[in-house]
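Survey of secondary and tertiary structure
Chain by chain, the residues:
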Amino acid sequence: MAADSSAPPADATSTDSAIPSPALQRLWFALERHAWTFLTVVPAHPGAPGLEAATAVLEAGAPYAYTQKIHLEDATGLSPTAAAQKVQELRERVSRGERVVAVIDSLMTRPASLPLALAADGCLLCVTLGETDFGAANKTLEFVGRERFLGSVTFPRLTKKQRRASSQKKKA
(Lines give C-alpha, C1' and ligand atoms only; values in the text may rest on other atoms or scores of the structure.)
Protein backbone atom coordinates (compact mmCIF):
# COMPACT_ATOMS: atom_id res chain seq x y z
CA MET A 1 0.00 0.00 0.00
CA ALA A 2 1.21 3.44 -0.82
CA ALA A 3 -0.53 6.73 -0.18
CA ASP A 4 0.30 10.34 -0.70
CA SER A 5 -0.72 13.55 0.94
CA SER A 6 -0.69 16.68 -1.05
CA ALA A 7 -1.76 20.24 -0.58
CA PRO A 8 -5.48 20.86 -0.27
CA PRO A 9 -7.01 22.75 -3.18
CA ALA A 10 -6.58 26.52 -2.92
CA ASP A 11 -10.34 26.99 -2.61
CA ALA A 12 -10.70 24.40 0.16
CA THR A 13 -11.93 25.78 3.43
CA SER A 14 -10.40 24.54 6.64
CA THR A 15 -12.68 22.74 9.07
CA ASP A 16 -12.03 21.55 12.58
CA SER A 17 -12.24 17.95 11.37
CA ALA A 18 -9.27 18.60 9.05
CA ILE A 19 -7.10 19.71 11.98
CA PRO A 20 -5.11 16.86 13.53
CA SER A 21 -5.44 16.23 17.25
CA PRO A 22 -3.09 18.14 19.56
CA ALA A 23 -1.13 14.92 20.21
CA LEU A 24 -0.57 14.40 16.47
CA GLN A 25 0.41 18.03 16.01
CA ARG A 26 2.99 17.69 18.82
CA LEU A 27 4.32 14.52 17.16
CA TRP A 28 4.69 16.35 13.84
CA PHE A 29 6.50 19.31 15.36
CA ALA A 30 8.78 17.04 17.40
CA LEU A 31 9.77 15.28 14.16
CA GLU A 32 10.16 18.61 12.37
CA ARG A 33 12.94 19.63 14.75
CA HIS A 34 15.05 17.18 12.74
CA ALA A 35 15.66 17.85 9.07
CA TRP A 36 14.13 14.70 7.59
CA THR A 37 12.86 13.83 4.16
CA PHE A 38 12.80 10.04 4.67
CA LEU A 39 11.38 8.62 7.91
CA THR A 40 11.00 4.95 8.76
CA VAL A 41 8.47 3.72 11.32
CA VAL A 42 9.97 0.73 13.13
CA PRO A 43 7.65 -1.51 15.19
CA ALA A 44 9.34 -2.60 18.43
CA HIS A 45 7.62 -5.99 18.30
CA PRO A 46 5.69 -8.12 15.82
CA GLY A 47 2.12 -6.91 15.57
CA ALA A 48 2.82 -3.35 16.71
CA PRO A 49 0.66 -0.89 14.77
CA GLY A 50 3.38 0.54 12.56
CA LEU A 51 1.06 1.36 9.69
CA GLU A 52 -1.25 3.24 12.05
CA ALA A 53 1.76 5.21 13.34
CA ALA A 54 2.88 6.06 9.80
CA THR A 55 -0.66 7.10 8.87
CA ALA A 56 -0.75 9.33 11.95
CA VAL A 57 2.46 11.06 10.83
CA LEU A 58 0.95 11.61 7.38
CA GLU A 59 -2.27 12.97 8.90
CA ALA A 60 -0.38 15.23 11.28
CA GLY A 61 1.86 16.65 8.59
CA ALA A 62 -0.71 17.23 5.88
CA PRO A 63 -1.80 20.71 7.05
CA TYR A 64 1.78 21.86 7.68
CA ALA A 65 3.67 20.36 4.75
CA TYR A 66 1.28 21.87 2.23
CA THR A 67 4.03 22.74 -0.20
CA GLN A 68 5.44 19.23 -0.28
CA LYS A 69 3.94 15.85 -1.04
CA ILE A 70 4.32 13.23 1.70
CA HIS A 71 4.38 9.65 0.44
CA LEU A 72 3.38 6.78 2.75
CA GLU A 73 5.00 3.46 1.82
CA ASP A 74 3.92 0.16 3.38
CA ALA A 75 7.26 -1.65 3.09
CA THR A 76 6.27 -4.67 5.15
CA GLY A 77 6.96 -8.19 3.97
CA LEU A 78 10.10 -7.35 2.01
CA SER A 79 12.74 -9.90 1.06
CA PRO A 80 16.42 -8.89 1.31
CA THR A 81 16.55 -8.22 -2.44
CA ALA A 82 13.29 -6.29 -2.42
CA ALA A 83 14.49 -4.18 0.52
CA ALA A 84 17.48 -2.89 -1.45
CA GLN A 85 15.23 -2.10 -4.42
CA LYS A 86 12.72 -0.33 -2.16
CA VAL A 87 15.47 1.84 -0.66
CA GLN A 88 16.45 2.95 -4.17
CA GLU A 89 12.83 3.65 -5.12
CA LEU A 90 12.22 5.74 -2.00
CA ARG A 91 15.47 7.68 -2.44
CA GLU A 92 14.33 8.56 -5.96
CA ARG A 93 11.09 9.97 -4.55
CA VAL A 94 13.10 12.09 -2.11
CA SER A 95 15.34 13.33 -4.93
CA ARG A 96 12.17 14.53 -6.73
CA GLY A 97 11.30 16.68 -3.70
CA GLU A 98 8.87 14.38 -1.90
CA ARG A 99 8.98 13.36 1.71
CA VAL A 100 8.67 9.65 2.48
CA VAL A 101 7.29 7.87 5.53
CA ALA A 102 7.93 4.12 5.26
CA VAL A 103 6.65 1.47 7.65
CA ILE A 104 8.61 -1.76 7.99
CA ASP A 105 8.17 -5.04 9.85
CA SER A 106 9.52 -5.63 13.32
CA LEU A 107 13.23 -6.35 13.10
CA MET A 108 12.66 -9.19 15.57
CA THR A 109 10.91 -11.19 12.85
CA ARG A 110 12.15 -9.64 9.61
CA PRO A 111 15.72 -8.34 9.86
CA ALA A 112 15.71 -7.86 6.08
CA SER A 113 13.82 -4.61 6.74
CA LEU A 114 16.88 -3.07 8.39
CA PRO A 115 18.22 -1.39 5.18
CA LEU A 116 15.13 0.85 5.09
CA ALA A 117 15.73 2.00 8.67
CA LEU A 118 19.41 2.63 7.94
CA ALA A 119 18.69 4.51 4.70
CA ALA A 120 16.25 6.90 6.36
CA ASP A 121 17.12 10.28 7.84
CA GLY A 122 15.55 9.06 11.06
CA CYS A 123 13.28 6.47 12.61
CA LEU A 124 10.20 6.47 14.79
CA LEU A 125 9.84 3.57 17.25
CA CYS A 126 6.32 2.15 17.50
CA VAL A 127 5.39 0.59 20.86
CA THR A 128 2.19 -1.03 22.13
CA LEU A 129 1.71 -0.45 25.84
CA GLY A 130 1.34 -3.70 27.75
CA GLU A 131 2.47 -5.79 24.78
CA THR A 132 5.91 -4.59 23.75
CA ASP A 133 8.61 -6.46 25.61
CA PHE A 134 11.32 -4.13 26.93
CA GLY A 135 13.98 -6.51 25.57
CA ALA A 136 12.51 -6.40 22.05
CA ALA A 137 12.36 -2.61 22.11
CA ASN A 138 15.93 -2.41 23.38
CA LYS A 139 17.20 -4.83 20.71
CA THR A 140 15.39 -2.84 18.03
CA LEU A 141 17.16 0.31 19.22
CA GLU A 142 20.50 -1.52 19.15
CA PHE A 143 19.95 -3.00 15.66
CA VAL A 144 19.19 0.37 14.11
CA GLY A 145 21.32 2.53 16.40
CA ARG A 146 19.77 4.56 19.20
CA GLU A 147 20.98 7.81 17.67
CA ARG A 148 18.89 7.19 14.54
CA PHE A 149 15.59 7.38 16.45
CA LEU A 150 13.89 10.76 16.44
CA GLY A 151 11.21 9.62 18.88
CA SER A 152 8.62 7.03 19.64
CA VAL A 153 4.88 6.65 19.46
CA THR A 154 2.84 4.52 21.83
CA PHE A 155 -0.48 2.81 21.30
CA PRO A 156 -2.76 1.27 23.92
CA ARG A 157 -3.25 -2.48 23.98
CA LEU A 158 -6.25 -3.56 21.93
CA THR A 159 -9.05 -5.38 23.72
CA LYS A 160 -10.04 -8.84 22.51
CA LYS A 161 -13.09 -7.32 20.84
CA GLN A 162 -10.95 -4.72 19.03
CA ARG A 163 -8.45 -7.39 17.90
CA ARG A 164 -11.28 -9.53 16.55
CA ALA A 165 -12.76 -6.55 14.67
CA SER A 166 -9.32 -5.67 13.29
CA SER A 167 -8.70 -9.21 12.04
CA GLN A 168 -12.18 -9.29 10.47
CA LYS A 169 -11.42 -6.02 8.67
CA LYS A 170 -8.12 -7.39 7.33
CA LYS A 171 -9.84 -10.52 5.98
CA ALA A 172 -12.46 -8.46 4.11
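A brief report on the enclosed structure follows. Starting afresh in each chain, residues are numbered from 1 along the sequence in its written order. Local features are withheld for residues below a pLDDT of 70 in this predicted model, meaning they are given only at 70 or higher, and side-chain atom pairs are given and counted only at 80 or more; totals for whole chains, interfaces and linings count all residues. In computing side-chain properties, one takes all heavy atoms of the structure into account and sets aside hydrogens as well as water.

1. A look at helix α1 (residues 22-32)
This is how the line gets drawn: The buried label applies to any residue whose accessible area, calculated with a 1.4 Å probe on protein chains only, is under 20% of its type's maximum; exposed applies above 50%, and partly exposed to all values in between. Helix and strand assignments follow DSSP, with helices taken as H or I runs no shorter than four residues and strands as E runs no shorter than two, numbered in order from the N terminus. The arc in question is traced by the directions running from the helix axis to the C-beta atoms. Throughout, a residue-residue contact means that at least one pair of heavy atoms, one from each residue, lies within 4.5 Å.
Looking at α1, one finds that the buried residues are L24, Q25, L27, W28 and L31. The buried residues of α1 all sit within an arc of 155° when viewed along its axis, so they share a single face. Residues P22 and R26 are exposed on α1 and point more than 90 degrees away from its buried face. Elements that come into contact with the buried residues of α1 comprise β2 (38-43), α2 (50-61), β3 (70-74), β4 (99-103), β5 (122-128) and β6 (149-155).

2. Regarding the pattern of salt bridges
Convention followed: The salt bridge criterion pairs a side-chain nitrogen of Lys or Arg with a carboxyl oxygen of Asp or Glu, the two atoms within 4 Å.
In total, this model carries seven salt bridges according to the counting rule given. For E89, the salt bridge identified is with K86, shortest N-O distance 3.5 Å. Taken together, the residues E89 and K86, both in helix α3 (residues 80-95) and three residues apart, mark about one turn of the helix. Residues E98 and R93 are paired through a salt bridge, measuring 2.7 Å at the closest nitrogen-oxygen approach. Among the residues examined, E98 registers a relative accessible area of 10% and is labelled buried. Relative accessible area serves as the criterion here: at 17%, R93 is assigned to the buried category. Each of E73, K86 and E89 takes part in salt bridges that share partners, so that together they form one network.

3. Description of the environment of S152
Following the sequence through the fold, S152 ends up in strand β6. As for S152 and L124, which are separated by 28 residues in sequence, their C-alpha atoms are 5.1 Å apart. Dropping the residues within four chain positions of it, S152 is found in contact with L124 and L125.

4. Things to note about the packing of aromatic side chains
Where we set the bar: Put simply, two rings from Phe, Tyr or Trp (the six-membered ring, in Trp's case) pair if the centres are within 6.5 Å, and we call them stacked under 30 degrees between planes, edge-to-face over 60, tilted for the rest. Over a ring means this: the NZ of a Lys or the CZ of an Arg is within 6 Å of the ring centre and within 35 degrees of the ring normal.
For the structure on display, the rule yields two aromatic pairs. Just above the ring of W36 sits the side chain of R99; from NZ or CZ to the centre is 4.5 Å.

5. Some words on the packing of α1 against α2
So the rule is basically this: Between N-to-C directions, angles cover 0 to 180 degrees, with each direction set by a line fitted to C-alpha atoms, over the stretch in contact for helices. Roughly parallel means an angle under 35 degrees; roughly antiparallel means over 145; roughly perpendicular covers 65 to 115; every other angle is labelled oblique. Put simply, Ala, Val, Leu, Ile, Met, Phe, Trp, Tyr, Cys and Pro go in the nonpolar bin, Asp, Glu, Lys and Arg in the charged bin, and everything else, Gly too, in the polar bin.
Direction vectors running N to C along α1 and α2 enclose 90°, while the axes themselves pass 9 Å from each other. When the interaxial angle is binned, α1 and α2 end up roughly perpendicular. Here L24, L27, W28 and L31 of α1 lie close against α2, whose contacting residues are A56, V57, E59, A60 and G61. When grouped by side-chain class, the residues that make up the contact of α1 with α2 number seven nonpolar, one polar and one charged.

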